[in-house]
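Here's the letter readout for the chains.
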Amino acid sequence: MLTSSEKTRYQKHLLLPQIGIEGQEKLKSTKVLVVGAGGLGCPVLLYLAAAGIGKIGIIDNDAVDLTNLQRQVLYKVEDIGNPKALVATKRLLAMNDSIEVEAILHRLKKENALQYIQQYDIVVDCTDNFTTRYLINDICVKLNKPFVYGAIHQFEGQVSVFNYTDASGQQGPTYRCLFPEQPSELEIPNCATIGVLGILPGTLGMYQANEVVKMVTGIGKVLSGEFLMIDLLENTSRKIKVKRRPDAEQLARQSETQEQEEIACKTNIMKTLSVEELQEKIEAQEDLFLLDVRNPNEYEICHLDNSVLIPMNHVPNNIKHIPRDKPVVVYCHHGMRSASVIQFLEQNHQFDNLYNLTGGINAWAYEIDPQMDTY
């Protein structure tokens with residue numbers, strides 16, 4: 001039941017015949033898990049909280065960074081360094097104190113995904129990596145829960161609803177019905193490596209929140225079986241049809257077997273070097289190959305002397321340029337992209353001479369060379 005205060009707060013919803021008191025009560029009784037409190041997560045969280053979703057879970061283990069503020073509209077300069085999930089929770093409750101918000105300061109992974117997702121009715125995918133996205137899909141298929149997909153790429157975005165069962169009992173497609181196999185992170189890098197227009201995640205996030213409201217209240221046409229693509233530069237949008245594959249459940253279960261096989265194939269833990277250890281090796285004039293996997297514009301700002309630039313998404317086509325007969329130190333800005341490159345090279349091309357520079361060039365600038373320009 002809605003309280004007197006809630007009836008006042010949601011007055012404009014109650015005036016809509018398609019929603020009314022019954023629809024608003026459905027929103028109040030719904031629990032939604034938002035995976036990722038970044039560019040997409042911020043607008044999704046704002047509009048779900050404003051709409052009166054009864055319980056919102058926020059799962060994110062990241063902290064606010066200055067580079068986030070160009071698009072992640074829940075945060076302020078004063079929040080830098082603080083956990084996104086906690087900051088977001090505080091802001092949402094300050095806007096709507098009649099809802100419940102749960103901050104989960106973890107990364108969604110195979111060990112906890114079932115535990116968290118089963119507590120919610122709908123999942124909203126606001127992630128920026130394929131591993132988590134495929135995990136969301138497979139757990140939602142297992143639990144028969146819908147999830148709202150969103151993805152961004154520079155000036156373009158995509159939205160759809162997967163694993164949705166309509167009022168007639170008809171099941172819609174899963175994410176694997178459209179993309180059966182998980183691609184390498186090198187093939188389609190995220191906005192951290194290629195940039196994104198700050199307005200884009202705001203636009204796509206509102207579409208995602210809208211799909212949640214439609215599913216809960218039963219109004220409109222849910223984006224199930226349709227894949228919406230939006231281009232903000234050209235002001236265009238188009239939809240493609242997607243059908244559920246007969247083997248949708250099998251594909252989701254198959255991922256568990258593949259994961260076990262991949263783990264069995266990993267015989268070595270990724271080797272790392274601290275910036276201090278690298279400095280010692282350079283001063284000792286050891287024969288090293290320094291591989292920079294950032295983008296050209298980042299390389300121009302700062303780079304290690306004698307390093308070779310092969311941007312992350314160009315690595316698959318430049319395997320022959322990476323030596324196997326000497327230690328190769330791979331670095332990026334903070335060490336995340338370089339770790340992905342090493343994983344790709346070790347698993348797919350059997351390299352065994354790779355070292356990840358812990359903290360990347362950012363750590364080098366702060367701990368070894370304070371005069372270096374950074375970003």
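Remember, it's a predicted structure, so these values are computed and weren't measured experimentally.

(A) Fine view of unusual backbone geometry. Of note, the phi angle at Gln154 is positive, near 60°, even though the residue is not glycine. Relative to the elements of secondary structure, Gln154 occurs in the loop between β5 (147-153) and β6 (156-162). Residue classification places Gln154 among the partly exposed positions, given a relative accessible area of 31%. Residues other than glycine seldom take positive phi values, yet Asn235 does so here, at roughly 55°.

(B) Highlighting the pairing of strand β2 (residues 55-59). Most of β2 is tucked away: 5 of the 5 residues are buried. Side chains of β2 alternate between two faces, with Lys55, Gly57 and Ile59 and Ile56 and Ile58 buried alike. Note that strand β1 (residues 31-35) and β2 share 5 bridges and pair parallel. What sits directly across from Lys31, in β2, is Lys55. Running through helix α4 (residues 41-51), the crossover from β1 to the neighbouring parallel element β2 is right-handed. Sheet topology places β2 next to strand β3 (residues 100-104); 5 bridges connect them, and they run parallel. Residue Ile59 lies in a different strand from β3, and its bridge partner there is Ile104. In this region the chain leaves β2, passes through helix α5 (residues 84-95) and returns to the parallel neighbour β3; the handedness of that crossover is right-handed.

(C) Looking closely at the sheet that holds strand β12 (residues 328-331). Strand order in the open sheet made by the 5 strands is β9-β13-β12-β10-β11, with parallel pairing throughout. Looking at which strands have only one partner, the edges of the open sheet turn out to be β9 (272-273) and β11 (308-309). Bridge count between strand β10 (residues 289-292) and β11: 2 bridges; the pairing is parallel. Opposite Asp292, over in β11, you have Leu309 as the bridge partner. Helix-sheet contacts for helix α14 (residues 336-349) involve β12 and β13 (354-357), and the interaxial angle to β13 is about 165°.

(D) Molecular detail of α4. Counting buried positions along α4 yields 8 of 11 residues, so the element is predominantly enclosed. Following α4 by one or two positions, Gly52 has its phi on the positive side, about 95°.

(E) Structural detail: a negative patch on the surface. On the surface, Glu276, Glu277, Glu280, Glu283 and Glu367 cluster together into a patch of negative charge. Counting residues per element, the negative patch draws most heavily on helix α12 (residues 275-283), which supplies 4 residues. Mapped onto the elements of the fold, Glu276 is located in helix α12.

(F) Summary view of the environment of Tyr175. By secondary structure assignment, the location of Tyr175 is in helix α8 (residues 175-178). Residues Tyr175 and Leu27 lie 148 residues apart in sequence; the distance between their C-alpha atoms is 25 Å.

(G) Local environment of helix α7 (residues 130-143). Relative to the 20 Å expected for 14 residues at 1.5 Å per residue, α7 spans 20 Å between its end C-alpha atoms, a close match to the ideal helical length. In terms of burial, α7 is largely enclosed, as 11 of its 14 residues are buried. Residues Phe130, Thr132, Arg133, Tyr134, Leu135, Ile136, Asn137, Asp138, Ile139, Cys140 and Val141 constitute the buried set of α7. One side-chain oxygen of the residue at the start of α7 lies 3.3 Å from the amide nitrogen of Thr131, identifying that residue as Asn129. Asn144 sits one or two residues past α7 and shows a positive phi near 55°.

(H) Structural detail: the side chain of Asn362. Here Asn362 is to be found in helix α15 (residues 360-367). Looking at Asn362, the relative accessible area reads 16%, which means it is buried. With sequence-adjacent residues up to four places away left out, Asn362 is seen in contact with His333, His334, Thr374 and Tyr375.

(I) Focus on the packing of aromatic side chains. All told, the structure shown has 8 aromatic pairs when counted by the stated rule. Note on Tyr149 and Tyr175: the rings are 5.3 Å apart at their centroids and 40° apart in plane angle, and the pair reads as tilted. With Tyr149 in strand β5 and Tyr175 in helix α8, this residue pair connects regions lying 26 residues apart in the sequence. Grouping aromatic residues by their ring pairs yields a cluster made of Tyr134, Phe147, Tyr149, Phe162, Tyr175, Phe179 and Phe227. The ring of Tyr355 carries the charged tip of Lys271 above its face, separated from the ring centre by 5.5 Å. The side chain of Arg324 reaches across the aromatic face of Phe351, ending 3.9 Å from its centre.

Rules of the game
Residues numbered from 1 in each chain as written. Predicted model: local features only at pLDDT ≥ 70, side-chain atom pairs only at ≥ 80, totals over all residues. Heavy atoms only, no water. Helix = DSSP H or I, 4+ residues; strand = E, 2+ residues; numbered from the N terminus. Buried < 20%, exposed > 50% of the residue type's maximum accessible area, 1.4 Å probe, protein only. Pairing = 2+ DSSP bridges. Right-handed = clockwise from strand over helix to strand, strands pointing away. Contact = heavy atoms within 4.5 Å. Axes fitted to C-alpha atoms, helices over the stretch in contact; angles between N-to-C directions. Patch = residues over 30% accessible without salt bridge, like charges linked within 9 Å, V, L, I, M, F, W, Y side chains within 5 Å. Areas by Shrake-Rupley, 256 points an atom, 1.4 Å probe, with all protein chains shown as cover. Salt bridge = Lys/Arg side-chain N within 4 Å of Asp/Glu carboxyl O. Lys, Arg positive; Asp, Glu negative; His and termini not counted. Charge placed at Lys NZ, Arg CZ, Asp CG, Glu CD. Expected span 1.5 Å × (residues − 1). Polar contact = N/O pair within 3.5 Å; in protein donor to acceptor, adjacent residues only side chain to side chain. Phe/Tyr/Trp six-rings, centres within 6.5 Å; stacked < 30°, edge-to-face > 60°. Lys NZ or Arg CZ within 6 Å of the ring centre and 35° of its normal.

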